[in-house]
Amino acid sequence: MTEPQQVWRPKTVEFAYWLSLVSALSAFASLIYLFGLREEMTAGLREAVQRTNFLQSENQEAFVRSAVSNTLIFATVIVTVIGCAMITFAVMMRRGRNWARIVVTVVAVLGLGGMTTSVNGVVLSSPGPLALLTFAVNIAVIVLLYVPASNRYFARPKP
């Protein structure tokens, strides 16, 4: 029995693959950071609820704890789904699937928006180190996926 033929893959695609994994993993790192802000989020929401006085005082604490917990659960589900999908798309892109290259590009472009929003999602702020890293990685992925060597790789006939 013969072994399958090794497919030539340019270094640009290989590097874009690894950077895409870094980008996906940075989403999980952001999630860990968000969990680290749990007490700050709780205190901020508690203060806002008390200031607006839209709930009776005996219901405020339960509302605040529930809202923060639900936010963290929602963020965990979203980050897990998107992170796992991004890893899957990166693998398919590495295998030469042009549709996956396009999806990785779109996700990387959307990831550039993370530079302008804070982790709290409420106010615009100066980006943190993780956001700067993710921004640079996403720019590199986009460039690497469209250089001539990568274009040839994605244009070749698929087995």
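Relevant structure appears above.
Worth saying up front: this structure is predicted, and the values here are computed from it rather than measured. Every chain is numbered independently, its residues counted from 1 as its sequence is written. pLDDT decides what is reported in this predicted model: residues at 70 or higher carry local features, side-chain atom pairs at 80 or more are listed and counted, and totals for whole chains, interfaces and linings draw on all residues regardless. Heavy atoms throughout the structure, all of them, feed into the side-chain values; hydrogens and water do not.

**Q** How should helix α4 (residues 98-111) be read in this particular structure?
**A** Helical periodicity: at 3.6 residues per turn, an α-helix aligns residues three or four positions apart in one direction. Counted at 1.5 Å a residue, the expected span for α4 with its 14 residues is 20 Å, and the 20 Å between its end C-alpha atoms agrees. Each residue is assigned to one of three classes by its accessible area relative to the maximum for its type, calculated with a 1.4 Å probe on protein chains only: buried under 20%, partly exposed between the two thresholds, exposed over 50%. Helical segments are the DSSP runs of H or I of at least four residues, strand segments are the runs of E of at least two, and each set is numbered from the N terminus. Along α4, the residues classified as buried are A100, R101, V104, T105 and A108. All buried residues of α4 project into a common sector of 140 degrees when viewed along the axis, lining one side. By definition, residues are in contact when any of their heavy atoms lie within 4.5 Å. Close packing links the buried residues of α4 with α1 (11-36), α3 (57-94), α5 (129-145) and α6 (148-155). Helix span, expected: 1.5 Å multiplied by one less than the number of residues in the helix. What the arc describes is the spread of directions from the helix axis to the C-beta atoms.

**Q** What am I meant to see in the packing of α3 against α4 here?
**A** The axes of two packed helices give the description: the angle between them and the distance between them. Only the stretch in contact is used when fitting a helix axis, every axis being a line fitted to C-alpha atoms; angles between N-to-C directions are given from 0 to 180 degrees. One way to put it is that α3 packs onto α4 with a least axis distance of 8 Å and a crossing angle of 140 degrees. On the basis of the axis angle, α3 is oblique to α4. For α3 against α4, the interelement crossing comes out left-handed. Together, M86, F89, A90, M92 and M93 of α3 and W99, A100, R101, V103, V104 and V107 of α4 make up the contact between the two elements. Gly counts as polar in this scheme, as do all residues outside two lists: the nonpolar Ala, Val, Leu, Ile, Met, Phe, Trp, Tyr, Cys and Pro, and the charged Asp, Glu, Lys and Arg. A per-class count over the contact of α3 with α4 returns 10 nonpolar, no polar and one charged. By definition in this entry, angles of less than 35 degrees are roughly parallel, angles greater than 145 are roughly antiparallel, angles of 65 to 115 are roughly perpendicular, and the rest are oblique. We call a crossing left-handed when the near helix sits turned anticlockwise from the far one by less than a right angle, and right-handed when that turn is clockwise.

**Q** How do you make sense of the environment of A43 when you look at a structure like this?
**A** Among the structural elements, A43 can be located in helix α2 (residues 38-52). Sequence-wise, A43 and V64 are 21 residues apart; in three dimensions their C-alpha atoms are separated by 8.7 Å.

**Q** Mind showing me how you'd approach the pattern of salt bridges here?
**A** Oppositely charged side chains may form a pair once their charged atoms are brought near each other. Any carboxyl oxygen of Asp or Glu that lies within 4 Å of a side-chain nitrogen of Lys or Arg is treated as forming a salt bridge with it. If you walk through the whole model with that rule in mind, you get five salt bridges. Its salt-bridge partner being R9, residue E14 comes within 3.1 Å of it at the nearest N-O pair. On the basis of relative accessible area, R9 is assigned to the partly exposed category, the value being 29%. Here E61 and R46 are joined by a salt bridge, their closest N and O atoms 2.8 Å apart. Of this pair, E61 sits in helix α3 while R46 sits in helix α2, and the two are 15 residues apart along the sequence. Of the residues examined, E61 reaches a relative accessible area of 30% and is grouped as partly exposed. One network of salt bridges, with partners in common, ties together R9, E14 and R94.

**Q** Any chance you could explain α2 here in plain terms?
**A** Over its 15 residues, α2 extends 21 Å from the first C-alpha to the last, a length consistent with the 21 Å expected when each residue adds 1.5 Å. By the burial criterion, the buried members of α2 are M41, T42 and V49. All buried residues of α2 fall inside an arc of 100 degrees around its axis, so they share one side. For α2, the exposed residues set more than 90 degrees away from the buried face come down to E39, E40 and R51. For α2, the elements touching its buried residues are α1 and α3.

**Q** What should I look at first to understand the nonpolar core in this one?
**A** Side chains of nonpolar character tend, in soluble globular proteins, to be buried together. Grouping buried Ala, Val, Leu, Ile, Met, Phe, Trp, Tyr and Cys residues that are joined through side-chain atoms within 4.5 Å yields what is termed a nonpolar core. Ranked by size, the top nonpolar core spans 17 residues in total, and within it M93, V104, V141, L145 and F154 carry the most contacts. At the level of elements, α1, α3, α4, α5 and α6 are the ones that each hand at least two residues to this core. Not counting residues up to four positions away in its chain, the partners in contact with L145 are A16, M93, R101, V104, T105, S150, N151 and F154. In this structure, L31, M41, V68 and A75 belong to the second largest nonpolar core, which totals eight residues.

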